[in-house]
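Residues per chain are reported as follows:
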Amino acid sequence: MLWENFDKNEISILLLMVITFTIVRLLPKRLPPNIAYLSLLWGLASGMFLDFTIGGGQMDFYMVNDAQKYELFDFLYYVLFSPFSYFFVYFYETLGINKKTFIWYVIGWSFIAVGINWLLIWLDIIQFQKGFELPYSFAVFLMIQTTTGLYYEFIKSRQEVMLG
Amino acid sequence: MGFTVFFFIAFLVSSLFIIMEKKLSIAHSTFIYLLMSIITINVSWIVTEELKLIEVTDETMNYLAFIINRTIITPMILVMQLHLIYKYKSTGITFLITLCSLGALLIIRGLAIYFDIHTYKNWNIGFDLVFFLVLHLIAFYTYRLLRNRTYREVNKS
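Conventions used here
Residues numbered from 1 in each chain as written. Chains lettered and ligands numbered in written order. Predicted model: local features only at pLDDT ≥ 70, side-chain atom pairs only at ≥ 80, totals over all residues. Helix = DSSP H or I, 4+ residues; strand = E, 2+ residues; numbered from the N terminus. Rg over C-alpha atoms; globule rule 2.2 N^0.38 Å. Buried ≥ 20, exposed ≤ 12 C-beta atoms within 10 Å, placed from the backbone. Contact = placed C-beta atoms within 7 Å. Expected span 1.5 Å × (residues − 1). Bend = angle between axes of the 7 residues up to and from the residue. Axes fitted to C-alpha atoms, helices over the stretch in contact; angles between N-to-C directions. Parallel < 35°, antiparallel > 145°, perpendicular 65-115°, else oblique. Left-handed = near helix turned anticlockwise from the far one by under 90°. Nonpolar A, V, L, I, M, F, W, Y, C, P; charged D, E, K, R; others polar. Core = buried A, V, L, I, M, F, W, Y, C linked by C-beta atoms within 7 Å. pLDDT = per-residue confidence, 0-100.

Chemist: Go over the overall build of chain A, please, and point to the residues and values.
Modeler: Of regular secondary structure, chain A possesses six helices and two strands. In terms of overall size, chain A behaves like a compact globule, its C-alpha atoms giving a radius of gyration of 16 Å where 164 residues would be expected to give roughly 15 Å. Relative to its full complement of 164 residues, chain A shows a buried share of 32%. Across chain A, every contact between residues at least 6 apart in sequence was considered, and the portion connecting residues at least 24 apart equals 84%.

Chemist: Account for the overall build of chain B, naming residues and giving values.
Modeler: When helices and strands are counted, chain B shows five helices and two strands. Shown N-terminal to C-terminal, the secondary structure of chain B runs as helices and strands in the order α-α-β-α-α-β-α. Rg of the C-alpha trace for chain B: 16 Å, near the compact-globule value of 15 Å for 157 residues, within the 12% margin. Dimensions of chain B along its principal axes, counting C-alpha atoms only, are 50 × 30 × 30 Å. In chain B, which comprises 157 residues, the proportion classed as buried is 34%. The long-range share in chain B, meaning contacts at least 24 apart out of those at least 6 apart in sequence, stands at 84%.

Chemist: An account of helix α3 (residues 60-88) of chain B is needed here, citing residue identities and associated values.
Modeler: Residues and elements named next belong to chain B. In a regular helix each residue adds 1.5 Å, so 29 residues correspond to 42 Å; α3 covers 41 Å between its end C-alpha atoms and thus fits that length. Of all the bends in α3, the largest measures some 40° and sits at N69. A positive backbone phi angle near 45° is found at K89, which sits one or two residues after α3.

Chemist: Describe the packing of helix α2 (residues 26-50) of chain B against α3 of chain B, naming the residues involved and giving the relevant values.
Modeler: Residue and element names in this part refer to chain B. Axis separation between α2 and α3 bottoms out at 8 Å; the angle between their running directions is 135°. In terms of orientation, α2 lies oblique with respect to α3. Read as a crossing pair, α2 and α3 show a hand that is right-handed. Contacts between α2 and α3 pair S29, I32, Y33, M36, S37, T40, I41 and S44 from the former with R70, T71, T74, P75, M76, L78, V79 and L82 from the latter. A per-class count over the contact of α2 with α3 returns nine nonpolar, six polar and one charged.

Chemist: Run through the nonpolar core, naming residues and quoting values.
Modeler: One finds L41 and V89 of chain A together with F31, I32 and L78 of chain B to be the most contacted residues of the largest nonpolar core, which totals 67 residues. Other than its neighbours up to four places away in sequence, I32 of chain B contacts L78, V79, L82, A139, T142 and Y143 of chain B.

Chemist: Just give me the short version of the confidence of the model for chain B, but keep the residues and values in it.
Modeler: Across chain B, pLDDT averages 93, with 97% of residues at or above 70. The ipTM for the predicted assembly is 0.89, set against a pTM of 0.92.

Chemist: Can you lay out the environment of A67 of chain A for me, pointing to particular residues and giving the numbers?
Modeler: All names here are of chain A. Along the chain, A67 falls in the loop between β1 (62-64) and α3 (72-79). Overall, the presence of 14 C-beta atoms within 10 Å leaves A67 in the partly exposed class. Sequence spacing of A67 and N5 is 62 residues, and the spatial spacing of their C-alpha atoms is 9.5 Å.

Chemist: Can you lay out the packing of α3 of chain B against helix α4 (residues 91-114) of chain B for me, pointing to particular residues and giving the numbers?
Modeler: The relative placement of two packed helices is expressed as an angle between their axes plus a distance between the axes. Residue and element names in this part refer to chain B. Across the interface, α3 lies against α4 with an axial gap of 9 Å and an inter-helix angle of 165°. Here α4 runs roughly antiparallel to α3, going by the angle between their axes. The element α3 and its partner α4 pack so that their crossing is right-handed. Counting all contacts with α3, which are made through N69, I73, T74, I77, Q81, L84, I85 and Y88, the residues of α4 involved are I93, T94, I97, T98, S101, A104, L105, I108 and A112. A breakdown of the residues in the contact of α3 with α4 according to their chemical character gives 11 nonpolar, six polar and no charged.

Structure representation (C-alpha cells):
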C-alpha cells in the first residue's frame with residue numbers, strides 16, 4: 001500500500017524531506033564521499049533497526065503514519081533519519097568534537113532528537129502506544145548518538161576524514 | 001535452545017570477521033553491512049508481518065534469535081563473502097565462495113525452521129535461495145559502484 005489517507009502526515013514527511021535534503025546539498029562538502037554516503041545510510045539503518053525491533057514485532061511501541069500496515073510513507077519516514085545522521089557527523093567534524101566535548105555533543109543532539117520526535121508526534125507521523133512515552137526516546141537517542149559518535153571515531157582512526 | 005544456537009552463530013561469524021584478512025575499507029564494509037541489514041529487515045518484515053508467508057515465533061527468546069539472524073548473521077555473512085571474493089579475485093573461487101555463502105545462509109534458515117523460529121506457510125526454501133542470491137548480487141554490484149564513485153570523487157577533489 002502507498003498510503004492510507006494522503007493528508008497532514010504524508011505532506012509533512014514530503015516537506016521535511018525536501019527541507020533536510022536541500023540543506024544536505026547546500027552545505028559545503030567537508031566529508032569524503034565514502035563517509036558522506038555512510039553517514040546518510042547510518043541514519044536510515046539505525047532508524048529501521050530500532051523501529052522494526054522496538055516499534056514493531058513483539059514490543060510494537062510506535063505506530064508510524066495512519067495504519068499498522070507497512071506503507072510507502074513509512075519507508076519515507078525512515079529515509080528522513082538519513083539527513084540527521086549526516087548533520088551529526090558533519091557538525092562533529094565542523095565543530096572539531098574531541099574527548100572533552102563528545103559527551104556534551106551527544107547530549108545536545110539527544111535533546112534535538114527528542115524535539116524532532118515531539119514534532120513528528122505533533123504532525124501525526126508517529127504515535128506511541130503500549131505505554132511508551134516521549135521521555136523514553138531520550139534514552140534511545142542517547143544510545144544511538146553515542147554509538148554513532150564512537151563508531152565514527154573508530155572509522156576516523158582508520159583513515160583521513162576531512163577534505164579540508 | 002534456538003536462541004543459544006543463533007547467539008553462538010552470531011558470535012562465530014563476528015569473531016571470524018574480526019580475525020579475517022580485510023580487503024574492503026572499514027567504511028565500505030559498514031556501508032554494505034548496513035545496506036544488507038536494511039534489505040533483510042524490510043523483506044523479512046513484509047514476508048512475515050504483512051504477507052504472512054512465514055510465521056515467526058511468539059516465544060521471546062526465539063524471537064530474539066530471529067532478530068539476531070536478521071540483523072547480525074545474514075548481513076555479516078554477505079560482507080564476509082565480499083571480503084573473500086576480493087581477496088582471491090578469481091572467477092572460479094568467486095563462484096565457490098558465493099556457493100558456500102548461499103549454503104551457509106540456507107543451513108541457518110534450516111536451523112531457524114528446526115528450532116521453530118520460523119514456520120513456512122506459503123513459502124519454501126527455493127524462495128529463500130532466490131532472495132539470498134539477489135542479496136549477493138546487490139552486495140557485489142553496490143560495492144563496485146561505491147568503490148568507483150568514491151575513488152572518482154576523491155580524485156576530482
